[in-house]
Amino acid sequence: MGMLVRPAEGSSLSQGDILRNVPFAVTTADGICGVDKKAAYVLVVARPCNASRKAAVTVAPVVPFPVDLTGLNESKSESGPTLDRMRRILAGIRDGGQFSDAFYLGTLEESHKRFAAQLSTLATVQVPAEPAERAAWVSRHRVWRLHDEFVKDLHLRIFVAFTRLGFDDYAWFADADLDVMITAGESEVAGLRTALTDAERAVQTREAGNQKVSDAHKKAVETYRTAVRDAEERLRPYSQERAHRQP
């Protein structure tokens, strides 16, 4: 089936159409109108009846959405075969997952770059109302159209983009879940601290024996020192949340 199809020449502009060379307008905090330079395309989200005849058509920006399939293919997973893992990850991207505002579109050009429409960011495009001019404008800008099945999915995804509640990243966990995550985080920090101690000891041992300390030894110390600091920063908000809950 595929997510995208080539639109029939001469067909009316419709919901799910992907347009090229249509700037996506944004307004800055200073009230100045500008253009989102990341939006290489726009996705028509207006109702089909409006998209086909109205002068003002609502669109969402389409921006690059990198997916490292090569990295996924090379990774090891205990949860199943690599091929199945790739399928599940791509299915999660397709259905939104944590990225509920991003509607994945796959590749739109020969460069094989992946793209996604940002459904929570909308703008209006002025399209010629006169039929002949409108048809010429559509022919000039439209490059793809969502398959009908994915247009149906677009309806739900637009709804979810504006109705799905956001939650604090750390405050919503049940006490038991929070404890498990903190324990895992503490274990991660402890392991990295041990590795840092070992790396520092290796340097100190060589210095005590009047041996040259290689760049690799020095780099290992800095790498583990940074890793410890980053892991502690990741753990801190969870620990703060637990402390906040304690009477």
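Located above this text is the structure these notes cover.
So, how was this worked out
Residues numbered from 1 in each chain as written. Predicted model: local features only at pLDDT ≥ 70, side-chain atom pairs only at ≥ 80, totals over all residues. Heavy atoms only, no water. Helix = DSSP H or I, 4+ residues; strand = E, 2+ residues; numbered from the N terminus. Rg over C-alpha atoms; globule rule 2.2 N^0.38 Å. Buried < 20%, exposed > 50% of the residue type's maximum accessible area, 1.4 Å probe, protein only. Contact = heavy atoms within 4.5 Å. Salt bridge = Lys/Arg side-chain N within 4 Å of Asp/Glu carboxyl O. Pairing = 2+ DSSP bridges. Patch = residues over 30% accessible without salt bridge, like charges linked within 9 Å, V, L, I, M, F, W, Y side chains within 5 Å. Areas by Shrake-Rupley, 256 points an atom, 1.4 Å probe, with all protein chains shown as cover. Lys, Arg positive; Asp, Glu negative; His and termini not counted. Expected span 1.5 Å × (residues − 1). Bend = angle between axes of the 7 residues up to and from the residue.

1. Thoughts on the overall build of the protein
Phase 1 of the analysis: Along the backbone of the protein there are 7 helices and 10 strands.
Phase 2 of the analysis: For the protein, whose C-alpha radius of gyration is 26 Å, the value lies well above the compact-globule estimate of 18 Å for 247 residues.
Phase 3 of the analysis: Its C-alpha atoms give the protein principal-axis dimensions of about 85 × 50 × 45 Å.
Phase 4 of the analysis: Counting all 247 residues of the protein, 33% fall into the buried class.
Phase 5 of the analysis: Of the contacts made within the protein by residues no fewer than 6 positions apart, 69% connect residues no fewer than 24 positions apart.

2. Observations concerning the pattern of salt bridges
Phase 1 of the analysis: All chains considered together, the criterion is met by 14 salt bridges.
Phase 2 of the analysis: One salt bridge connects Arg193 with Glu232, and the closest N-O pair in it is separated by 2.5 Å. Taken together, the positions of Arg193 in helix H6 (residues 175-208) and Glu232 in helix H7 (residues 215-245) put the pair 39 residues apart, joining distant regions of the chain.
Phase 3 of the analysis: A salt bridge links Glu233 to Arg236, with the nearest nitrogen and oxygen atoms 2.3 Å apart.

3. A word on unusual backbone geometry
Phase 1 of the analysis: Phi angles above zero are rare outside glycine, and Asn21 is one such case at about 60°.
Phase 2 of the analysis: Mapping Asn21 onto the fold places it in the loop between strand E2 (17-20) and strand E3 (25-27).
Phase 3 of the analysis: Relative accessible area serves as the criterion here: at 59%, Asn21 is assigned to the exposed category.
Phase 4 of the analysis: One non-glycine residue with positive phi stands out, namely Asn210, at about 55°.
Phase 5 of the analysis: Within the fold, Asn210 resides in the loop between H6 and H7.

4. Section: the pairing of strand E8 (residues 114-118)
Phase 1 of the analysis: Looking at chain direction, strand E6 (residues 56-64) and E8 are connected through 3 bridges and run antiparallel. Paired with Val63 across the bridge in E8 is Ala116.
Phase 2 of the analysis: The pairing of strand E7 (residues 102-107) with E8 spans 5 bridges and is classified as antiparallel. Paired with Phe103 across the two strands is Ala117, which belongs to E8.
Phase 3 of the analysis: Following E7, the chain reverses through 6 residues before pairing antiparallel with E8; His112 in that reversal takes a positive phi of roughly 65°.

5. A closer look at the environment of Arg201
Phase 1 of the analysis: As for its position among the elements, Arg201 is in helix H6.
Phase 2 of the analysis: Considering only alpha carbons, one finds Arg201 and Val221, 20 residues apart in sequence, at a separation of 9.5 Å.

6. Focus on a nonpolar patch on the surface
Phase 1 of the analysis: Judged by side-chain polarity, Leu165, Phe167 and Trp172 come together as a nonpolar surface patch covering roughly 430 Å² of accessible area.
Phase 2 of the analysis: Within the secondary structure, Trp172 is located in the loop between helix H5 (148-163) and H6.

7. Examining the side chain of Arg157
Phase 1 of the analysis: Here Arg157 shows up in helix H5.
Phase 2 of the analysis: Notably, Arg157 is buried but unbridged: the nearest opposite-charge side chain belongs to Asp153, and the N-O separation is 4.2 Å.

8. Considering H7
Phase 1 of the analysis: For H7, spanning 31 residues, the distance from its first C-alpha to its last is 46 Å, which sits close to the expected 45 Å at 1.5 Å a residue.
Phase 2 of the analysis: The sharpest bend along H7 measures roughly 30° and falls at Arg236, with the proline Pro237 sitting one to four residues further on.
Phase 3 of the analysis: For H7, the full list of buried residues reads Val221, Val228, Ala231, Leu235, Pro237, Tyr238 and Glu241.
Phase 4 of the analysis: Elements in contact with the buried residues of H7: H6.

These figures capture arrangement, not role.
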